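Residues per chain are reported as follows:
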Number of protein chains: 2
Amino acid sequence: MAKRVGAGTIRLEKAAAIAAVAAVGSRLEQEGPLGAEFDRTVEDSSFGEKSWEKAETKMQQLAMELALQKGQTAPEQVDVVLGGDLLNQCIASAYAVRELGRPFLGLYGACSTMAESLTLAALLVEGGAAEKALAVTSSHFCSSERQFRFPLNYGGVRTPTAQHTATASGAALVAKSGAIRIWEVCIGRVVDLGVTDLNNMGAAMAPAAWDTLRQYFADTGTGPADYDKIITGDLAQVGSDLLVRLAAEEGCDLRPRYTDCGLMLYDREGQKVDAGASGCGCSAAVMCAHFLPAMQRGEYKNILFMATGALMSPTACQQGESIPGVAHLLHLTAEG
Amino acid sequence: MAKRVGAGTIRLEKAAAIAAVAAVGSRLEQEGPLGAEFDRTVEDSSFGEKSWEKAETKMQQLAMELALQKGQTAPEQVDVVLGGDLLNQCIASAYAVRELGRPFLGLYGACSTMAESLTLAALLVEGGAAEKALAVTSSHFCSSERQFRFPLNYGGVRTPTAQHTATASGAALVAKSGAIRIWEVCIGRVVDLGVTDLNNMGAAMAPAAWDTLRQYFADTGTGPADYDKIITGDLAQVGSDLLVRLAAEEGCDLRPRYTDCGLMLYDREGQKVDAGASGCGCSAAVMCAHFLPAMQRGEYKNILFMATGALMSPTACQQGESIPGVAHLLHLTAEG
């Protein structure tokens, strides 16, 4: 049974566990600083498919397949798949799970999806609804850009605040036991401070990130020093700076423990990715390629992972709406 | 704690409950056979807003507000909102909960969303993660048609297999106690038998509905005669006929207990809605306006509710993909 702590945190009394993870990327991810840590990178970002959407589906299938292999789990042993992506109608996930033939709950949390799927997977395992749950998400630079901004062929000029959507997928098998335990989760609220710039998602998400983190610190009576690392999803440079500033304004110094997946996936200078990486696949891949395996090896013992999502709609923005953000947090520990 | 029964069913040992529900619609819903049962119908389908998308947000806010009022619950008492809709990036829900300021998990299940949100709400309450959870969804004829098919102004001719997207929203407050208990849930698989016609969603969803229902009957050793009613989401005429046929082929006669929300919302002849109603809001509103209140009054004691979703993407269909379907089932009981 889970237990509520404070106004917004959920403590898992038995603690669900992350039993196995896998990350898949493409060429830019391969060439980035974490390239060697991916389970698979496929140079051709079409993944041999005829459309970018189908490529993304293929990539997500590959990530699920590898996570199941590493977890020595057959698809039939998975009680539920929790997945989503950035594409309209979340088609990368819907088509990816079609082949898998397992019960499926589709999620939409924009770039917060990996934290949302892990949160629900953990709560379903903790609550007895599933023995094994698979959390998955992906993003693809080419399918995202044309859906949210411009088709790549336009060659539109990017602003320095823009983030580069990762072509990546991460999958995590959540079960009753495993090296990494999920102790607490904090489901975020939708927070909107009025950012309307589709090319500055970091600024739209940072207030949501601070809202969730502040809630979690208040509920648990902890602070940054209690964790080895505090990792946000993909705030990238602009959003990260803003989160650090929002926290500092309330007397909380995040800097000694803080990092952001959007700043880690690429070499920003060498790879020309403006403010950094973004997309559901960014935090999913950085966690599944880097941080979670490092936890499995005992290199980190105690982390907060908080994926952030900009619930950004071209239609709503054209209608003058601002971009709401959301961030969900998980507290993960590993045995030494 | 929930308990797994058979290969795909989850039994709630304590049983979460539906404590309060509300349904909101517009003019066509008002004029339909269930019009008088809605909590609120707003003649002007713009709901006083400047865009159809904003109208849908407004409608969803209204449904949540009314459900909370009827459940004598303040927004601050809601631990989590589970919601989604048909719009890209699920913006009707994202903007609707922005005002509410409560933790939010965004879902995408197309027209299966009400069953998905109720399922997760029930499992979170059962598992101790939430005391009170709010499940909500909506659809709007005008925002949907232009996104999935054609802008209304084109005046495109509709096929007889087409369904009319409901302009409606339903919200349900799930808590530890209440008149209607959620005993079992069965999360559906993505099933795709190759239907490619965007105007024949019923046919795309029926195989998924039968897949879930067959699984549930097998897991629980029950059959149609064990329930007062078996209610599908919005298969409408084409899909309902197909579901009955698929079941009959395996020796299961659904007809004596079976009905479909898509056949109930409108007067098909008088209101010219072709094969019937569809949209997330259809089953949400038919359940929240009609069946769930009838259960609260003791008129039905034992029902299966199964919302069906066509995970239909114009982009994927243009790329030659078929339309996958999904259906989630809940077993609900009420004291006499």
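In case you missed it, the structure is sitting above this.
Residues numbered from 1 in each chain as written. Chains lettered and ligands numbered in written order. Predicted model: local features only at pLDDT ≥ 70, side-chain atom pairs only at ≥ 80, totals over all residues. Heavy atoms only, no water.

### Here we look at the relation of the copies chain B and chain A
- Least-squares fitting of chain B to chain A yields an RMSD of 0.0 Å, with the superposition described by an axial translation of 0.0 Å and a rotation of 180°. Interpreted geometrically, this transformation is the action of a two-fold axis.
- Comparing interface residues between copies, 100% of those in chain B also lie at the interface in chain A; the contact surface is shared. (Least-squares fit on C-alpha atoms with pLDDT ≥ 70 in both. Contact = heavy atoms within 4.5 Å.)

### As for unusual backbone geometry
- Not every positive phi belongs to a glycine, and Q72 of chain A is a case in point at roughly 45°.
- By the secondary structure assignment, Q72 of chain A is in the loop between α2 (52–70) and β4 (80–85).
- Since its relative accessible area comes to 74%, Q72 of chain A is described here as exposed.
- Its identity as a non-glycine residue notwithstanding, D274 of chain B has a phi of 55°, on the positive side.
- Looking at the secondary structure, you find D274 of chain B in the loop between α8 (268–271) and β12 (277–278). (Helix = DSSP H or I, 4+ residues; strand = E, 2+ residues; numbered from the N terminus. Buried < 20%, exposed > 50% of the residue type's maximum accessible area, 1.4 Å probe, protein only.)

### Let's talk about the pairing of strand β6 (residues 133–139) of chain B
Residues and elements named next belong to chain B.
- Burial runs high along β6: 7 of the 7 residues are buried.
- Where strand β4 (residues 80–85) lies against β6, 6 bridges are found, and the strand directions are parallel. Note on β6: the bridge partner recorded for L82 is A135. (Pairing = 2+ DSSP bridges.)

### Observations regarding the pattern of salt bridges
- Following the criterion strictly, the structure yields 28 salt bridges over all chains and no others.
- Taking the shortest distance from any N to any O, the salt bridge between E184 of chain A and R11 of chain A comes out at 2.8 Å. Of this pair, E184 of chain A sits in strand β9 (residues 180–186) while R11 of chain A sits in strand β2 (residues 9–25), and the two are 173 residues apart along the sequence.
- It is possible to trace a salt-bridge network through shared partners that takes in R98 and E99 of chain A together with D192 and E321 of chain B. (Salt bridge = Lys/Arg side-chain N within 4 Å of Asp/Glu carboxyl O.)

### With respect to the interface of chain B and chain A
- Taken residue by residue, the interface counts 60 residues in chain B and 60 residues in chain A.
- Taken together, both faces of the contact between chain B and chain A bury some 4800 Å²; the carbon and sulfur share is 59%.
- Between the two partners, chain B and chain A, sit 6 salt bridges.
- Here R4 of chain A makes a salt bridge to D79 of chain B, at a shortest N to O gap of 3.4 Å.
- Linking chain B with chain A are 26 residue pairs in polar contact (both at pLDDT 80 or more).
- For the side of chain B that touches chain A, a count of residues per class yields 31 nonpolar, 14 polar and 15 charged. (Buried area = accessible area lost by both parts, 1.4 Å probe. Polar contact = N/O pair within 3.5 Å; in protein donor to acceptor, adjacent residues only side chain to side chain. Nonpolar A, V, L, I, M, F, W, Y, C, P; charged D, E, K, R; others polar.)

### Some details on the side chain of T232 of chain A
All names here are of chain A.
- Along the chain, T232 turns up in strand β10 (residues 229–232).
- The class for T232 is buried, based on a relative accessible area of 0%.
- Side chain to side chain, T232 and Y258 meet in a polar contact 2.6 Å long.

### What to know about the side chain of Q163 of chain A
Residue and element names in this part refer to chain A.
- Looking at the secondary structure, you find Q163 in the loop between α5 (141–148) and β7 (164–165).
- A residue is classified by how much of its surface remains accessible, and Q163, at 4% relative accessible area, is buried.
- Looking at Q163, its side chain comes within polar contact range of the main-chain nitrogen of G202, at 3.1 Å.
- Here D234 takes part through its backbone oxygen, which lies 2.9 Å from a polar atom of the side chain of Q163.
- Among residues more than four places away in sequence, those in contact with Q163 are R158, M201, G202, M205, D234, L235, A236, A275, G276, A277 and S278.

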